[in-house]
Amino acid sequence: MLGDEKLAVDATVRTLQSIPDGAGMASFSTETAAIRLKFNEDPATATGQLITNGDQCVIYGNDALRAARFVEATSTDAVINVTYGTYSGGMHGLINYGS
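These numbers come from a predicted model, not from an experiment. (Residues numbered from 1 in each chain as written. Predicted model: local features only at pLDDT ≥ 70, side-chain atom pairs only at ≥ 80, totals over all residues. Heavy atoms only, no water.)

As for the nonpolar core
Proteins that are soluble and globular tend to have nonpolar side chains buried together. By size, the foremost hydrophobic cluster in this structure holds 21 residues, and its most contacted members are L16, F28, F70 and I80. Mapped by element, the contributors of at least two residues to this core are β1 (3-9), β3 (25-31), β4 (35-38), β6 (56-60), α1 (62-67) and β8 (78-85). For this core, the element with the highest residue contribution is β8, accounting for 4 residues. Not counting the four nearest positions on each side in its chain, L16 is found in contact with E5, L7, L65, A68, F70, I80, V82 and Y84. (Core = buried A, V, L, I, M, F, W, Y, C linked by side-chain atoms within 4.5 Å. Buried < 20%, exposed > 50% of the residue type's maximum accessible area, 1.4 Å probe, protein only. Helix = DSSP H or I, 4+ residues; strand = E, 2+ residues; numbered from the N terminus. Contact = heavy atoms within 4.5 Å.)

Below, the structure written as structure tokens:
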């Protein structure tokens, strides 16, 4: 484990703010409400990967960590709890394990 971050996700598009040097993956869970995630452009309440309240997810690849953008999926603000770690495999992107 390289570090942790708690990120408030609201109607403003957010990015991960505390990515440690050497981080190659981030495991996170959502609290309070659903969020949307996109890597290539800003998500909106109706576009992007839907991650529901309580879902456990992993983002692989430093490039994906830096490209990840989050926004609330409803009018309710959410929180994501992130744990960063090392990963040197070839996978890049999101795995959603559900709740």
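And the narrative resumes.
Some details on the pattern of salt bridges
Where charged atoms from two side chains of opposite charge approach closely, those side chains can pair. The full count for this structure, using the stated rule, is 3 salt bridges. Its salt-bridge partner being D10, residue R14 comes within 2.8 Å of it at the nearest N-O pair. For D10, a relative accessible area of 19% corresponds to the buried category. Notably, a salt bridge pairs R69 with D42, separated by 3.2 Å at the nearest N-O pair. Here R69, found in strand β7 (residues 69-72), pairs with D42, found in the loop between β4 and β5 (49-51); they are 27 residues apart in sequence, far enough to count as distant. Relative accessible area serves as the criterion here: at 45%, D42 is assigned to the partly exposed category. (Salt bridge = Lys/Arg side-chain N within 4 Å of Asp/Glu carboxyl O.)

Points about the environment of R66
For R66, the location among the structural elements is in helix α1. Residue R66 is classed as partly exposed on the basis of its relative accessible area of 48%. For the pair formed by R66 and T15, sequence separation is 51 residues and the distance between their alpha carbons is 7.5 Å.

Considerations on the sheet that holds β7
Strand pairs in the sheet, formed through backbone hydrogen bonds, run parallel or antiparallel to each other. Reading across from one edge, β2-β7-β4-β5 is the order of the 4 strands in this open sheet, with antiparallel pairing throughout. The sheet is open, and its two edges are formed by β2 (14-15) and β5, each paired on a single side. In this sheet, β5 lies alongside β4 in antiparallel orientation, the contact comprising 3 bridges. Bridge pairing in β5 places L37 opposite Q49. (Pairing = 2+ DSSP bridges.)

Examining the pairing of β1
Alternating positions in β1 separate cleanly, G3, E5, L7 and V9 being buried on one face and D4, K6 and A8 remaining unburied on the opposite face. Summarising the sheet, β1 and β8 pair through 7 bridges and their orientation is antiparallel. Note on β8: the bridge partner recorded for L7 is I80.

Describing the side chain of T30
In this fold, T30 is placed in strand β3. A polar contact is formed between the side chain of T30 and the backbone oxygen of T52, at a distance of 2.7 Å. Excluding its chain neighbours within four sequence positions, the residues that come into contact with T30 are I35, I51, T52, N53, G54, D55, V79 and I80. (Polar contact = N/O pair within 3.5 Å; in protein donor to acceptor, adjacent residues only side chain to side chain.)

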